[in-house]
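Topology and contacts: notes
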Amino acid sequence: MELRSVEELMDLLYACRGERSAAGAGGGPGDPHGHALRTAALLRRRRPADKELQVAGLVAPVGPLLWPGSPAARTAEAVRPLLGARVARLVRRQAHPEAWDHDDDLASLCQADEEARTAVFDAGVLEDWRTVLELTAARNARLGAVD
């Protein structure tokens, strides 16, 4: 599945609200939707200008809702046409710890992902991220038109 619009991506991200991982439920560590919001919020605090990095932290929970295979690979392939190669690369490589030491952006993403598992703070709501997703998609569309 390729995501072709921010609206399609938002629908998938909203669908993640009802999902629970084996780790828990109720907005805690086992809540993929809340975890993604916390990860993106932590990245926004640490790297406010890096929208692609923030978005990579936000989109991780859509993988299990897609076709069979690795959740990271599913997510990466689904978001690549919409959000670009960098976001897809970060999402895909996040599942490979051996790559973290060689990539500062990936290390930041993984650190925020880990911290978001236990952090307790109000990370806002998904709708807060619509504009960031739209800006990232628009930038990717412009770059894709040039390539």
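For the structure itself, consult the block above.
For the structure given in this document, a descriptive report is provided here. (Residues numbered from 1 in each chain as written. Predicted model: local features only at pLDDT ≥ 70, side-chain atom pairs only at ≥ 80, totals over all residues. Heavy atoms only, no water.)

Bringing the overall build of the chain into the picture now. The secondary structure content of the chain amounts to seven helices and zero strands. Going from the N terminus to the C terminus, the chain shows its helices and strands as α-α-α-α-α-α-α. Looking at the chain residue by residue over its 147 residues, the buried ones come to 46%. Excluding contacts between residues fewer than 6 apart, the proportion of contacts in the chain whose partners are at least 24 apart in sequence is 60%. As displayed, the chain offers around 7400 Å² of accessible surface, 54% of which is attributable to carbon and sulfur atoms. (Helix = DSSP H or I, 4+ residues; strand = E, 2+ residues; numbered from the N terminus. Buried < 20%, exposed > 50% of the residue type's maximum accessible area, 1.4 Å probe, protein only. Contact = heavy atoms within 4.5 Å. Areas by Shrake-Rupley, 256 points an atom, 1.4 Å probe, with all protein chains shown as cover.)

Packed helices, taken two at a time, are described by the angle their axes make and the gap between the axes. It is at 9 Å that the axes of helix α3 (residues 51–59) and helix α5 (residues 85–93) come closest, and there the two elements cross at 50 degrees. The angle between α3 and α5 falls in the class oblique. Crossing geometry of α3 relative to α5 is assigned as right-handed. For the pair α3 and α5, the contacting residues are Glu 52, Leu 53, Val 55, Ala 56 and Val 59 in the first and Arg 86, Val 87, Leu 90 and Val 91 in the second. (Axes fitted to C-alpha atoms, helices over the stretch in contact; angles between N-to-C directions. Parallel < 35°, antiparallel > 145°, perpendicular 65-115°, else oblique. Left-handed = near helix turned anticlockwise from the far one by under 90°.)

Take the pattern of salt bridges next. Using the criterion set out here, one finds 15 salt bridges in the structure. With a shortest N-O distance of 2.1 Å, Arg 46 and Glu 115 are connected by a salt bridge. Here Glu 115 lies in helix α6 (residues 104–118) and Arg 46 lies in helix α2 (residues 32–46), a separation of 69 residues in the sequence. Note on Glu 115: relative accessible area 34%, which makes it partly exposed. Residue Asp 103 pairs with Arg 93 through a salt bridge whose shortest N-O separation is 3.4 Å. A residue pair is termed long-range when its members are at least 10 positions apart, and Asp 103 in the loop between α5 and α6 and Arg 93 in helix α5 qualify at 10 residues. (Salt bridge = Lys/Arg side-chain N within 4 Å of Asp/Glu carboxyl O.)

Across its 13 residues, helix α4 (residues 71–83) extends 17 Å between first and last C-alpha, which sits within 8% of the 18 Å expected from 1.5 Å per residue. For α4, the set of buried residues is Ala 72, Arg 74, Thr 75, Ala 76, Ala 78, Val 79, Leu 82 and Leu 83. One or two positions beyond α4, positive phi appears at Gly 84, with a value near 100 degrees. (Expected span 1.5 Å × (residues − 1).)

Another point: the nonpolar core. In terms of nonpolar packing, the biggest core is built from 40 residues, with Leu 9, Leu 58, Leu 83 and Leu 133 touching the most fellow members. Elements supplying a minimum of two residues to this core: α1 (6–15), α2, α3, α4, α5, α6 and α7 (130–146). Beyond its immediate chain neighbours, meaning those up to four positions away, Leu 58 contacts Leu 13, Ala 36, Leu 37, Ala 40, Leu 126, Trp 129 and Leu 133. (Core = buried A, V, L, I, M, F, W, Y, C linked by side-chain atoms within 4.5 Å.)

We now examine the packing of aromatic side chains. Applying the stated criterion to the full structure yields zero aromatic pairs. A cation sits over an aromatic face here: Arg 44 above Trp 129, 3.8 Å from the ring centre. Over the ring of Phe 121 we find Arg 45, and its NZ or CZ is 4.4 Å from the ring centre. (Phe/Tyr/Trp six-rings, centres within 6.5 Å; stacked < 30°, edge-to-face > 60°. Lys NZ or Arg CZ within 6 Å of the ring centre and 35° of its normal.)

The geometry of α3 relative to α4 is characterised by a closest axis approach of 11 Å and an angle of 140 degrees between their N-to-C directions. When the axis of α3 is compared with that of α4, the two are oblique. Where α3 crosses over α4, the handedness of that crossing is right-handed. Contacts from Glu 52, Val 55 and Val 59 of α3 reach α4 at Thr 75, Val 79 and Leu 83.

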